[in-house]
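# Structural overview for review
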Amino acid sequence: MDPTTSSAAAARWEHFPHGADVGVRGWGATPAQAFEQAARAMTATVTDAEVKSHDRIKVQCEAPDLELLFVEWLNAIIYEMATRSMLFGRFAVRIEGTRLTGTLWGEPVDVARHAPACEPKGATYTTLKVAEDPSGMWSAACVVDV
Amino acid sequence: MDLARLTQVDPTTWRIEPHGEMRVLAIVYADEALVRDIDDKVYEQAVNVAMLPGIVKASYAMPDAHWGYGFPIGGVAAFDPSEGGVVSAGGVGFDISCGVRTMLTGLSAADILPVQRALAESLYEEIPAGVGSKGSITLDAAEMDAMLAGGALWAVEQGWGEMRDLERIEEGGKMSGARPEYVSERAKERQRREMGTLGSGNHYLEVQVVEEIYDRAVAKTFGLAEDAVVVTIHCGSRGLGHQIGTEFLKEMVITAAEAGIALPDRELACAPIHSEVGERYLGAMRGAINCALANREILGHYARRVFRHYFPQCDLRLLYDVSHNTCKVERHAIDGEKRDLFVHRKGATRAFGPGHASLPQALRDAGQPVLIGGSMGTGSHILVGRETSEQKAFSSACHGAGRALSRHAALKQWSGRAIVDELASKGIIIRCPSMRGVAEEAPGAYKDVGAVVEAAEHAGLARRVARVRPLICVKG
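Before going into details, it helps to say that this report is about the structure given with it.

Analysis parameters
- Residues numbered from 1 in each chain as written.
- Chains lettered and ligands numbered in written order.
- Predicted model: local features only at pLDDT ≥ 70, side-chain atom pairs only at ≥ 80, totals over all residues.
- Helix = DSSP H or I, 4+ residues; strand = E, 2+ residues; numbered from the N terminus.
- Rg over C-alpha atoms; globule rule 2.2 N^0.38 Å.
- Buried ≥ 20, exposed ≤ 12 C-beta atoms within 10 Å, placed from the backbone.
- Contact = placed C-beta atoms within 7 Å.
- Arc of directions from axis to C-beta.
- Axes fitted to C-alpha atoms, helices over the stretch in contact; angles between N-to-C directions.
- Left-handed = near helix turned anticlockwise from the far one by under 90°.
- Nonpolar A, V, L, I, M, F, W, Y, C, P; charged D, E, K, R; others polar.
- Expected span 1.5 Å × (residues − 1).
- Pairing = 2+ DSSP bridges.

## Some remarks on the overall build of chain B
- Each helix and strand counted, chain B has 16 helices and 19 strands in total.
- For 476 residues, the compact-globule formula gives about 23 Å, and the C-alpha radius of gyration of chain B, at 21 Å, lands near that figure.
- Principal-axis analysis of the C-alpha atoms places the extent of chain B at approximately 60 × 50 × 50 Å.
- Burial statistics for chain B: of 476 residues in total, 63% are counted as buried.
- By sequence separation, contacts in chain B at least 24 residues apart represent 77% of the contacts at least 6 residues apart.

Printed below as a string of structure tokens:
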């Protein structure tokens, strides 16, 4: 399997190249599922190792449209990663109008085991796109500054 | 970049003539080979910057320009508040005041080699690097505000640095106009335990040896000679700067529309300098500059402690400390008239020429040291600002090699272990928590820094003084 792409199920994620940084993209049957997958892609920029679901964190965010909400979501995760020194491997998202409620499952960073390759600093508006394709599949993508 | 869309002025100067909504022209400083390799996105971004209100003279791209966020990385633009000029969170970037400092050790390579491996281990132990590393400093609310207002001066007052360093840091080590009260609680929370940490990605601490001198007179003034060993640190304002950048980018996207500013790209989010948001951003951003200056001062102090352990007589003297992601108010002469401009340098280094009043007496006749980070294999360069720098791009030069390949592409091409082994065979010790991180930062993923600095010299942005090669590289 390509180390930078998940298995080719309906819900999946990938990385795509950007100059000095890295793009994350998630697909799913709903925007919420696409957001969850993109979050997994972001964690995979940091580590290839398994991230255990020891702790559960709730986040909330709000933005006027789905694309800005996607950036808010990733930035909310980055904030929790940074201030708690944790990595998250599993995500659940609920979107109601302009509000998002997310659950993150993860564990404290273990430098030896996770061997973190980089540190996401912020999600950006570069190549930002949340869209539904003709088959009804949603994707959510943007570049993350690392 | 498509040469057909550029007008060549001389071998290292290319114009993009104003078209569409551009208020001024754009200028790219690079030789033909570099221009060909520069991403088309840089063309687009340099053109977009030229559309912003109040821009003066031109939108500039340095020889190491690459695809950034809104502004190209390697972008320089100045705005005049009296002409509706703007300040742009995207034009400064996320890692506010990210920069480079170089310290002189007074040692030679022969002193380092017998202890090279042990020294590398000690630096790796003492300098918190990478995700999950823990700094030993925790700031309470009052200390946080004092740090944001005081910068490197604050660090020195806490005992993490030396008073004599300050005159060799831009702004004397303390950026005035910082407003800690404009920095959000979330930004402060991200920084509470981050002081004195290196961060990750392309940030590093290197022990380097001078391999080549280009300008002997200036090198002597700088304290550089062949075989001399220096310590160079590349890092920025850590979580605090990123959080400020993120928050104001979001806010400015909304307020720019309200202010009637049409953004060609959301990442160019900006606000009039004389607006409530603009002034709030400037106050917070200057706090982040102080955070970066304090952080590099503390890391320099840690490096001093390690060196004193191995070399009790050694006192690391600061050559200079530059920031390459900033917006600063500077006085520049435009058609003979002195004007106070808000100069954005996004991945670009200030390069004041000889005689500039902000330079300490010892450096004033020579000009400002311009510190250019390369990759861990190819080495770095020390340049000096020159008389022509001012006319070319508001006294600015390049900041690094610039990436040639994405992390994604680098990962496919190289293994971290192979790179560590290959560099070890060349006498370079790499210490990094992640082999994948090493692969993503592979020397081959970067442009030829030699070509970049040669183009900068030819274009009159800065002159080469010395080339250094790493002996030890600690990466986050």
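Additional details are given in the paragraphs that follow.
## Quick notes on the overall build of chain A
- Assigned secondary structure in chain A consists of three helices and eight strands.
- Beginning at the N terminus, the succession of helices and strands in chain A can be written as β-β-α-β-α-β-β-α-β-β-β.
- For 146 residues, the compact-globule estimate of 2.2 N^0.38 gives 15 Å, and the C-alpha radius of gyration of chain A, at 14 Å, lies within 12% of that figure.
- Its C-alpha atoms give chain A principal-axis dimensions of about 45 × 30 × 30 Å.
- Considering only contacts within chain A whose residues lie at least 6 apart along the sequence, 61% involve residues at least 24 apart.

## A few points about helix α5 (residues 116-126) of chain B
Residue and element names in this part refer to chain B.
- Every buried residue belonging to α5 is among L119, A120, L123 and Y124, and all of these are buried. In an axial view of α5, the angular spread of the buried residues amounts to 135°, which keeps them on one side of the axis. In α5, the exposed positions angled more than 90 degrees off the buried face are occupied by A118 and E125.
- Residues of α5 that are buried in the fold lie against α4 (109-112), β8 (204-213), α10 (276-310), β18 (429-431) and β19 (462-475).

## Re the packing of α5(B) against α10(B)
All names here are of chain B.
- Interaxial distance between α5 and α10 falls to 10 Å at its minimum, and their mutual angle equals 145°. For the pair α5 and α10, the sense of crossing is right-handed. Within the contact between the two elements, α5 uses L119, S122, L123 and E126 and α10 uses Y302, A303, R305, V306, H309 and Y310.

## Overview of the interface of chain A and chain B
- The interface of chain A with chain B comprises 28 residues on the first partner and 36 residues on the second.
- Of all the secondary-structure elements, those providing two or more residues to the side of chain A that touches chain B are β1 (12-18) and α2 (66-84) of chain A.
- The biggest single contributor to the side of chain A that touches chain B is α2(A), with four residues.
- Tallied by class, the residues present in the side of chain A that touches chain B amount to 14 nonpolar, 10 polar and four charged.

## Details of helix α1 (residues 31-46) of chain A
- Between its first and last C-alpha, α1(A) extends 24 Å over 16 residues, near the 22 Å set by a 1.5 Å rise per residue.
- Most of α1(A) sits inside the fold, with 15 of its 16 residues counted as buried.

## With respect to the sheet that holds strand β4 (residues 86-96) of chain A
All names here are of chain A.
- Strand order in the open sheet made by the three strands is β3-β5-β4, with antiparallel pairing throughout. Of all the strands in the sheet, just β3 (55-62) and β4 have a single pairing partner and so form its edges. Looking at each pair of strands side by side, their axes are set apart by 20° on average, direction ignored.
- Summarising the sheet, β3 and strand β5 (residues 99-108) pair through eight bridges and their orientation is antiparallel. Opposite Q60, over in β5, you have T101 as the bridge partner.
- Here α2 sits on the sheet in contact with β3, β4 and β5, set at roughly 140° to β3.

## Thoughts on the pairing of strand β5 (residues 73-79) of chain B
Residues and elements named next belong to chain B.
- Of all seven residues in β5, seven are buried; the element is thus mostly enclosed.
- Of the strand pairs in this sheet, β5 and strand β13 (residues 337-346) are connected by five bridges, and their pairing is antiparallel. Following the sheet pairing, F79 is matched in β13 by F342.

## A closer look at the sheet that holds strand β4 (residues 55-66) of chain B
Residue and element names in this part refer to chain B.
- Read across the open sheet, the seven strands follow the order β1-β2-β3-β4-β5-β13-β12; overall the sheet is mixed. The two strands at the open ends of the sheet, each matched to only one other strand, are β1 (7-10) and β12 (325-334). Across this sheet, the average inter-strand angle for adjacent strands is 25°, counted without regard to direction.
- Across five bridges, β4 lies against β5 in antiparallel orientation. Each residue of the ladder has a partner; that of H66, found in β5, is I73.
- Most of the contacts of helix α2 (residues 40-49) go to β4, to which it runs at about 160°, and overall it touches β2 (13-16), β3 (25-29), β4 and β5.

## Considerations on unusual backbone geometry
- Even without being a glycine, A:S85 presents a positive backbone phi close to 55°.
- Inspection of the secondary structure puts A:S85 in the loop between α2 and β4.
- A residue is classified by how many C-beta atoms lie within 10 Å of it, and A:S85, with 14 of them, is partly exposed.
- Of note, the phi angle at B:S97 is positive, near 65°, even though the residue is not glycine.
- Residue B:S97 is classed as buried on the basis of its C-beta count, with 31 C-beta atoms lying within 10 Å.

## Here's the deal with the environment of B:V28
All names here are of chain B.
- Looking at the element boundaries, V28 is found in strand β3.
- Exposure remark for V28: the 28 C-beta atoms within 10 Å place this residue in the buried category.
- A sequence separation of 26 residues divides V28 from D2, and the C-alpha atoms of the two residues are 12 Å apart.
- Excluding its chain neighbours within four sequence positions, the residues that come into contact with V28 are L6, W14, V35, A46, A61 and A65.

## Side note on the environment of B:L471
Residue and element names in this part refer to chain B.
- Along the chain, L471 falls in strand β19.
- Sequence-wise, L471 and A120 are 351 residues apart; in three dimensions their C-alpha atoms are separated by 9.0 Å.
- Ignoring any residue separated from it by four or fewer positions in sequence, one finds L471 in contact with A109, I112, Q116, V207, Q208, V209, G427 and I428.

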